[in-house]
Protein chains: 4
Amino acid sequence: MLQAPDRSDQGSRARSGAMAQTKGTVVLAYSGGLDTSCILVWLKEQGYGVIAYLANIGQKEDFEAARKKALALGAKKVYIEDVSKEFVEQFIWPAVQANALYEDRYLLGTALARPCIARGLVEVAQREGAQHVAHGATGKGNDQVRFELTCYALCPKIKVIAPWRMPEFYQRFPGRRELMDYAKKHGIPVPVTPQTPWSMDENLMHISYEAGILENPKNQAPPGLYKKTRDPATSPDTPDVLEIEFERGVPVKVTNVGDGATRCTALELFVYLNDIAGKHGVGRIDIVENRFVGMKSRGIYETPAGTILHHAHLDIEAFTMDREVRKIKQGLALKFAELVYNGFWHSPECEFLRECIGRSQEAVVGTVRLSVFKGQVYILGRESPRSLYNEELVSMNVQGDYEPADATGFININSLRLKEYHRLQSKVTVQQDE
Amino acid sequence: MLQAPDRSDQGSRARSGAMAQTKGTVVLAYSGGLDTSCILVWLKEQGYGVIAYLANIGQKEDFEAARKKALALGAKKVYIEDVSKEFVEQFIWPAVQANALYEDRYLLGTALARPCIARGLVEVAQREGAQHVAHGATGKGNDQVRFELTCYALCPKIKVIAPWRMPEFYQRFPGRRELMDYAKKHGIPVPVTPQTPWSMDENLMHISYEAGILENPKNQAPPGLYKKTRDPATSPDTPDVLEIEFERGVPVKVTNVGDGATRCTALELFVYLNDIAGKHGVGRIDIVENRFVGMKSRGIYETPAGTILHHAHLDIEAFTMDREVRKIKQGLALKFAELVYNGFWHSPECEFLRECIGRSQEAVVGTVRLSVFKGQVYILGRESPRSLYNEELVSMNVQGDYEPADATGFININSLRLKEYHRLQSKVTVQQDE
Amino acid sequence: MLQAPDRSDQGSRARSGAMAQTKGTVVLAYSGGLDTSCILVWLKEQGYGVIAYLANIGQKEDFEAARKKALALGAKKVYIEDVSKEFVEQFIWPAVQANALYEDRYLLGTALARPCIARGLVEVAQREGAQHVAHGATGKGNDQVRFELTCYALCPKIKVIAPWRMPEFYQRFPGRRELMDYAKKHGIPVPVTPQTPWSMDENLMHISYEAGILENPKNQAPPGLYKKTRDPATSPDTPDVLEIEFERGVPVKVTNVGDGATRCTALELFVYLNDIAGKHGVGRIDIVENRFVGMKSRGIYETPAGTILHHAHLDIEAFTMDREVRKIKQGLALKFAELVYNGFWHSPECEFLRECIGRSQEAVVGTVRLSVFKGQVYILGRESPRSLYNEELVSMNVQGDYEPADATGFININSLRLKEYHRLQSKVTVQQDE
Amino acid sequence: MLQAPDRSDQGSRARSGAMAQTKGTVVLAYSGGLDTSCILVWLKEQGYGVIAYLANIGQKEDFEAARKKALALGAKKVYIEDVSKEFVEQFIWPAVQANALYEDRYLLGTALARPCIARGLVEVAQREGAQHVAHGATGKGNDQVRFELTCYALCPKIKVIAPWRMPEFYQRFPGRRELMDYAKKHGIPVPVTPQTPWSMDENLMHISYEAGILENPKNQAPPGLYKKTRDPATSPDTPDVLEIEFERGVPVKVTNVGDGATRCTALELFVYLNDIAGKHGVGRIDIVENRFVGMKSRGIYETPAGTILHHAHLDIEAFTMDREVRKIKQGLALKFAELVYNGFWHSPECEFLRECIGRSQEAVVGTVRLSVFKGQVYILGRESPRSLYNEELVSMNVQGDYEPADATGFININSLRLKEYHRLQSKVTVQQDE
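Residues numbered from 1 in each chain as written. Chains lettered and ligands numbered in written order. Predicted model: local features only at pLDDT ≥ 70, side-chain atom pairs only at ≥ 80, totals over all residues. Heavy atoms only, no water.

The name given to chain A in an unreviewed UniProt entry is Argininosuccinate synthase, with the source organism recorded as Melopsittacus undulatus. Quoted verbatim from the Catalytic activity (unreviewed entry) field of UniProt, the annotation for chain A is "L-citrulline + L-aspartate + ATP = 2-(N(omega)-L-arginino)succinate + AMP + diphosphate + H(+)". (UniProt positions renumbered as here; feature names shortened; annotations may be inferred.)

Printed below as a string of structure tokens:
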């Protein structure tokens, strides 16, 4: 999937000057934006040879323009890697299997992307023999942790350069104005559209919005903020009805009951669900969450396909999985979500959890029918060849293989403990009364 | 809240005949419907004196008609007790504090009502010196367990009569037809409207629909099934925006931002939220769940107010509660939801959990602003005098009391374990390669 | 491992008379003792053809005498099956891997044996086409549950006969005297030694003592009760020092450092550890535990080899397993122990847990050195090719790959939350003071 | 409990020279040993005014000599505070209630002491208006975290100086020799006894031994290492039998059954148990544990009284606490132990857990009889006015309030899920066979 990297042109090599590479090579997680462009130039100033690494993880981006920009700014090489497929299959699917939800609400869109990108970054560093990697994540956030834990876990010897945590960098650029000045001075193209009063991060799974005016948790998200989903107020007045087929807890086919459209490969299926969910305004949340570094932050997320899949998987899992296995798996998934959020995707414990959760999904097979409408996903029905649902057993009209009298014994034995507790409480109460 | 019971008229006493009361008195959880009316008469046939107990827990019901009916059928007394307020304050509120959700989806509307009703039933039995209580719950369901565990926990000596588990009863009434015949024979009024092809159970918090055509989990809920919420397709095109104020994790005031309407007492507030949510089609789910007796069943629920409160409480709790306290509390609440579902409301462990969860709510104070629209609840913002959110600390523009360099150490130490694991894995891999 | 069953002699066939087998065949879990001998005869009286199944699971027993006795009493066939090896490898080993401990103290000796025996019982029933199995477990205990859940899980169609829960049986035999009378009447050999004033149950792993004078939880276990371990007061004055080698969390070799004795197969190794531990009085506990049926009971257990292995495995696991994996595994093991205790060995959830726990044991490899002395096991040291212990990293004299300054950042970031909490608490306190 | 601090004599003031106090005042957690004596002098060199704080937490120490030493080295003041009583009542007792055990084995002796000492340290800093506190904990260990998290939690503004994490300090003192040289040069008394080849830390609850020759996890602890307990090989040949009375999960009285000795106050009782347990060699463990900073370390601990209390409390708790409450509490206690180990005693989550656990102990009342002998604690019996143990209910001779037939229903209902699972598995198997 890795495209052949371009050599930087001579101009940039000239510009990088005499100091270049005295500190070795750094692979920079490059986004094409103002921040990482400035960092690219600044790293060169510091004496590093810079290789730019840009992962295509589904964000809207002109990748070729970014490539040219990086080369123009003096990158020795530029890697642009399409990791969308890996992102869906190796990161989103395990999260779907887990029903992973951080703090009951967040579907982990950014948290799942970071280890995927950082893995690519480290691989390039290893291939290029670079001793360093660098990223543009801030010093207060989760992403720095997610990036770096992945790097260290996969390549303990790597050195990470995080300019936003280095006083020589962040004191030089206390605000956007200083970055703009630096950009102008170093020929870094400056964004022409005015900056939104918040920051956003996009990938195939979601967009997150935070900072700026959103930092006041009382402020409502302004109209026009959302990019991936339509406003439910103006979304279509008729639902789309879908059937999603699962195998081993993973969606393998989506059918639109209305027009018969189907999608079967992981990436196509996910993109299609994004389209449908986006069209109906599904997947918006506004939350205050707890960052790993210990502060509360406010985030607004839209996760269209992820939201549909969360509902659908919950349903097919409940239909096919034993009650007690489910309870254990639910506990594991809670831990899994926390670990993913905190950046421990590549860790022994997260690996262990993925294996356990994966094992629990063996019989999670079947089809869920659902309706997508006005910001909501409605489960309509489900069927499965591996279901533990037994229509005869549960029926109110048929006795099935069930003896009602057994329930009497069941209840009586379950009440034993409660009766004993009551007996003791009464004794205590009586004694206190005396 | 207990209304003075009416004596049964002489006619019924005459009808109850010579055998009456030779087996003692039974207090029957009476609903006014066909089943419990037949049970009332049948119990008399068996030689019991029957007192009817009908809890008003918010269901739509003509209570006076039910009273007359019971007396006409030979009940010695009829108690009609309005437990709505207790239901909200003593049962629903703790569930809101817990964010109680059974198997990730069910808000426990029936499970919360049962111990409230059963408690009333037992109290009447104790007041009346009755040795028995009876109910019309089936032998395959959860309600029998919830009823009886409550009865035994509060009054270990009580004897429970569950006709649907007694062969002499259920073999006599294998289907609805036999019940109808019995009703006709014994002067029990027969429902004039045709029966829905499913059964439903209603209380202030929700309506549940199950059985009949819903037993096939693939069958979509038919249009017209829902009684408590409007179809989102035809619900209003403009949202209602509400502000819900919490103290100790419990809603104490609701304000409709649109028209300025406010509600402050528990019951009024809950009823109002039911209205608003119902109007916008909020709170419908269709799930397959695991019953305590070990079978999977399909249930459709609508929980309008409960759904709004679930979202609102999640939000204010996340805003005010420490991250690690929240994680512990989340684990407790999972257990709590399971216990409530299984009927253990009145148990030492559930009592313990309620106290722990209650303790966790001390600082859960503040106001959540939200929009109710087309089947969905959208959080818009929140504020609190007890929030742990620190706008300065989290700001991307202000450093606040935070040293970015600390994050480097934090990440490095957190990576230590991962590096060691990698080191060992490499060693193992090398050995295997040799 | 299954020995060819003997046909019952003609005498017994004659005695079983005309009524025999009209109710079909039952496979009885036969112990050779008074209870199950009476049950054997009683079952024949009831019209069953009886096959006796006697599992050799390491108890002290004259199996040939038991065979003869069963045949003499009219058993159609007798199966005597040595399941010791399966018991160790398939039941005890997973418990060792899990460090399974019920309620912090009980090593589950009986609970592990029951599904092993019941599995054998069911297999015989299936081979013989018997519709029923029977056992002599009481109606208040855990063993009935463990037996029957195994039977139903492995063969849902089987019918279980539990005489001690059948009024026609237990009312006929309210006490030992009635059993003795029945025995004499039916030619059942009566024990010649006086009965101990408690009951005991033995297998390869442990002996449990309960009931009788032990039912008073204040009563001290009388001298002479213990059969599998010597009194530490009279045990040797010099320790045995052992080295136990583990692979995948399972012991594969034991070496006695003193005399160089080694044991390598599962069964031999376990028997050897029983000898050594028994000789030094290791493994006695006196506890009050909670039965699955809801009552507290008092049990005294001696588990010699199991106690050594528990200590040794804890040690090698801590040495080789990642901290966070261990924490997750510990939670799984708690649940595992509870399930095993309650009789759910053969259940989807227990299967799931065994697989997860098994997965966690992959790197649990190495050797533990320990001393066994006067009722205690002392860990002396350990080594492993898969250890995550890094002597250089932890050393107080060498810096290793560790930067002390990182700890500052680590602590500071960890304190962030605590500072915020303090800030809020102070604010609240100030407000309250005003 | 705080003794009036001594002013430092003029000599030391003179010695501290011109630079003194230009950086403000620091309160140093002083031990009287070589390390913190050197730190004291070094801090003065750096320009701090130093107040020495020495907590008497039960370690063997000549406190008056330490006071003189600190003053002689130039401390402005010396606080010697006896916190033993607070340590037992406010730190050890909650750990006893929790049955707190880190990683299944460690009773947390050091982890409990640190927040107690650090609290005293911070209180002195606040009283003295000092901006800084300092400690002599190393940069790789847990104690630095425990100290500092407590300091920050109780006084967010405090600045912590940790010389062993400052390059200017640790590079100056890479080994003991450099410390000795520094000591000689600055008139710091040098230990006359040769250093043990390991380090130890003592308090009322335990002694920990680590580092040096113990860093090799294979090395056996040398004879003569243990200071708080006798070698079981030479301990008395007759046990001491004790009765320990609990209220609310806390020991309130110890009676030696042999000689009738009793102890009732927290501190006396704990000291007495230390004596008895120490005399019989109780409480030694040798483990590899996981430090919070991410490395495995080897520690040897002796915790005499704590070990007795752990056994006794487990027993009385199991006797008096409902099974399900116990299970929940056990989960809370696991988390509690981890938090205490990691230094989060003063945190919102640990506070929350202590309250929940405290609540669970209300009925943990009664007396445990036990024998202490040759390194082991044997529970002999127990009694309680609040026990949930019901001798009649559990009896094998009396039916009590128990219906054996109920167990049939209980088992059957519990088997339902297992049968369904088997049914599905069979179906799958059949399909695979086809």
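Just to check I follow, could you spell out the relation of the copies chain D and chain C for this structure?
The pair of chain copies shares a relation made of a rotation about an axis and a shift along it. Here chain D sits on chain C after a turn of 180 degrees about the axis and a move of 0.0 Å along it, with an RMSD of 0.0 Å. Here the two chains are linked by the operation of a two-fold rotation axis. When the interface residues of chain D are mapped onto chain C, 99% of them again lie at the interface, so the same face is used by both copies. (Least-squares fit on C-alpha atoms with pLDDT ≥ 70 in both. Contact = heavy atoms within 4.5 Å.)

Which parts of the structure should I look at to understand the relation of the copies chain D and chain A?
With an RMSD of 0.0 Å, the fit of chain D onto chain A corresponds to turning through 180 degrees and sliding 0.0 Å along the axis. Here 100% of the contact residues of chain D are again contact residues in chain A; the copies associate through an equivalent surface.

Explanation requested: the sheet that holds strand E7 (residues 199-202) of chain D in the structure shown.
Picture the strands of a sheet paired through backbone hydrogen bonds; they go either parallel or antiparallel. Strand order in the open sheet formed by 4 strands is E7-E8-E13-E12 (chain D), with antiparallel pairing between adjacent strands. The sheet is open, and its two borders are formed by E7 and strand E12 (284-290) of chain D, each paired with just one other strand. Going from strand to strand, the sheet's axes swing by 25 degrees on average, the running direction of each strand aside. Where E7(D) lies against strand E8 (residues 207-210) of chain D, 4 bridges are found, and the strand directions are antiparallel. Bridging across to E8(D), D:Asp201 finds its partner in D:Ser208. Each of E12 and strand E13 (296-302) of chain D is contacted by helix H10 (residues 304-320) of chain C, which is oriented at about 30 degrees to E12(D), the strand it contacts most. (Pairing = 2+ DSSP bridges. Helix = DSSP H or I, 4+ residues; strand = E, 2+ residues; numbered from the N terminus. Axes fitted to C-alpha atoms, helices over the stretch in contact; angles between N-to-C directions.)

What should I look at first to understand the interface of chain D and chain A in this one?
Contacts between the two partners involve 28 residues from chain D, matched on the other side by 28 residues from chain A. For the chain D and chain A pair, buried surface summed over both sides reaches about 2500 Å², with 60% attributable to carbon and sulfur atoms. The partner of D:Arg417 in a salt bridge is A:Asp322, and the shortest N-O contact between them spans 2.7 Å. The tally of links between chain D and chain A comes to 6 residue pairs in polar contact (both at pLDDT 80 or more). Put simply, the parts of the chain that give the side of chain D that touches chain A at least two residues each are helix H11 (323-342) and helix H14 (404-433) of chain D. Top contributing element to the side of chain D that touches chain A by residue count: H14(D), with 16 residues. Partitioned by chemical class, the residues of the side of chain D that touches chain A number 12 nonpolar, 6 polar and 10 charged. (Buried area = accessible area lost by both parts, 1.4 Å probe. Salt bridge = Lys/Arg side-chain N within 4 Å of Asp/Glu carboxyl O. Polar contact = N/O pair within 3.5 Å; in protein donor to acceptor, adjacent residues only side chain to side chain. Nonpolar A, V, L, I, M, F, W, Y, C, P; charged D, E, K, R; others polar.)

In this structure, what is going on with the UniProt feature "domain: Arginosuccinate synthase C-terminal" (unreviewed entry) in chain A? I would like to understand it.
Here, UniProt's "domain: Arginosuccinate synthase C-terminal" (unreviewed entry) annotation points to residues 198-421 of chain A. Structurally, residues 198-421 of chain A comprises 38% helix and 25% strand, and the distance from its first C-alpha atom to its last is 57 Å.

Where do I start with the UniProt feature "domain: Arginosuccinate synthase-like N-terminal" (unreviewed entry) in chain A in this structure?
Taking the UniProt record as the reference, the feature "domain: Arginosuccinate synthase-like N-terminal" (unreviewed entry) is found at residues 26-189 of chain A. For residues 26-189 of chain A, the helix share is 51%, the strand share is 15%, and the end-to-end C-alpha distance is 22 Å.

Looking at this model, I keep getting lost on the packing of aromatic side chains. Mind explaining?
Considering all chains together, one arrives at 58 aromatic pairs over all chains under this definition. Here B:Tyr106 and B:Tyr301 contribute two aromatic rings whose centre-to-centre distance is 4.2 Å and whose plane-to-plane angle is 20 degrees, an arrangement assigned as stacked. Linking B:Tyr106 in the loop between helix H4 (84-98) and helix H5 (109-128) with B:Tyr301 in strand E13 (residues 296-302), this pair joins segments that are 195 residues apart in sequence. Overall, B:Tyr106 belongs to the buried group, its relative accessible area being 1%. The exposure class of B:Tyr301 is buried, given its relative accessible area of 4%. Here the aromatic residues A:Phe292, A:Phe344, B:Phe410, C:Phe410, D:Phe292 and D:Phe344 are joined through ring pairs into a cluster of three or more. (Phe/Tyr/Trp six-rings, centres within 6.5 Å; stacked < 30°, edge-to-face > 60°. Buried < 20%, exposed > 50% of the residue type's maximum accessible area, 1.4 Å probe, protein only.)

Help me out: how do you make sense of the interface of chain D and chain C in this one?
The figure often quoted for interface size is the accessible area lost as the parts come together. Tallying the contact residues gives 98 residues for chain D and 97 residues for chain C. Here chain D and chain C share an interface that buries about 9000 Å² over both sides, 57% of which is from carbon and sulfur atoms. The interface formed by chain D and chain C contains 12 salt bridges. The salt bridge partner of D:Lys327 is C:Glu338, with a shortest N-O separation of 2.7 Å. Remark: the boundary between chain D and chain C carries 53 residue pairs in polar contact (both at pLDDT 80 or more). The element best represented in the side of chain D that touches chain C is H14(D), accounting for 14 residues. Taken together, the residues of the side of chain D that touches chain C sort by class into 45 nonpolar, 24 polar and 29 charged.

Where do I start with the pattern of salt bridges in this structure?
When the charged atoms of two side chains lie near each other, side chains of opposite charge can form a pair. The final tally for this structure, using the stated rule, is 119 salt bridges over all chains. A salt bridge links C:Arg326 to D:Asp104, with the nearest nitrogen and oxygen atoms 2.9 Å apart. Of this pair, C:Arg326 sits in helix H11 (residues 323-342) while D:Asp104 sits in the loop between helix H4 (84-98) and helix H5 (109-128), on two different chains. Residue C:Arg326 is classed as buried on the basis of its relative accessible area, which comes to 2%. The partly exposed category is assigned to D:Asp104, whose relative accessible area is 31%. Of the charged contacts, one joins C:Glu349 and D:Arg417 as a salt bridge, the two residues approaching to 2.7 Å between their closest N and O atoms. Highlighted residues: C:Glu349 in helix H12 (residues 348-360) and D:Arg417 in helix H14, drawn from two different chains. Via salt bridges that share partners, A:Arg105, A:Asp286, A:Arg298, B:Asp315 and B:Arg382 belong to a single interconnected network.

Please explain the pairing of strand E15 (residues 376-383) of chain D as it appears in this structure.
Regular strands show a simple pattern: their side chains alternate between the two faces of the sheet. Residues and elements named next belong to chain D. Counting buried residues in E15 gives 7 out of 8 residues, a clear majority hidden from the surface. Pairing of strand E14 (residues 366-373) with E15, which is carried by 7 bridges, proceeds in the antiparallel orientation. Across the sheet, Thr367 pairs through a bridge with Glu383, a residue of E15. What sits between the antiparallel neighbours E14 and E15 is a turn of 2 residues, in which Lys374 has the positive phi angle 50 degrees.

How should the pairing of strand E9 (residues 240-247) of chain A be read in this particular structure?
Residues and elements named next belong to chain A. Residues of E9 alternate between two faces, with Asp240, Leu242, Ile244 and Phe246 buried on one and Val241, Glu243, Glu245 and Glu247 left unburied on the opposite face. Sheet analysis places E9 next to strand E14 (residues 366-373), joined by 7 bridges and oriented antiparallel. Considered in E14, the bridge of Asp240 is made with Val372. Relative to strand E10 (residues 250-256), E9 runs antiparallel, the two sharing 6 bridges. When the sheet's bridge partners are listed, Glu247 is paired in E10 with Val250. The hairpin formed by E9 and E10 contains 2 residues between the paired strands, and Arg248 there has a positive phi angle of roughly 45 degrees.

Is there a simple way to think about the confidence of the model for chain A in this case?
Low-confidence regions, as indicated by low pLDDT, have predicted coordinates that should not be scrutinised in detail. Overall, the predicted model of chain A reaches an average pLDDT of 93, with 94% of residues at or above 70. Per-residue pLDDT stays below 50 along residues 8-20 of chain A; that stretch engages in 19 contacts with residues further than four places along the chain or on separate chains. (pLDDT = per-residue confidence, 0-100.)

Is there a simple way to explain the environment of B:Leu353 in this structure?
The topology assignment puts B:Leu353 in helix H12 (residues 348-360). In this structure the C-alpha to C-alpha distance between B:Leu353 and B:Tyr53, which are 300 residues apart in sequence, comes to 30 Å. In contact with B:Leu353, other than residues within four places in its own chain, are B:Leu332, B:Lys335, B:Phe336, B:Leu339 and D:Ile328.

What's the story with the side chain of C:Glu81 in this structure? I'm lost.
Tracing the sequence through the fold places C:Glu81 in strand E4 (residues 77-82). Looking at C:Glu81, its side chain comes within polar contact range of the side chain of C:Tyr53, at 2.5 Å.

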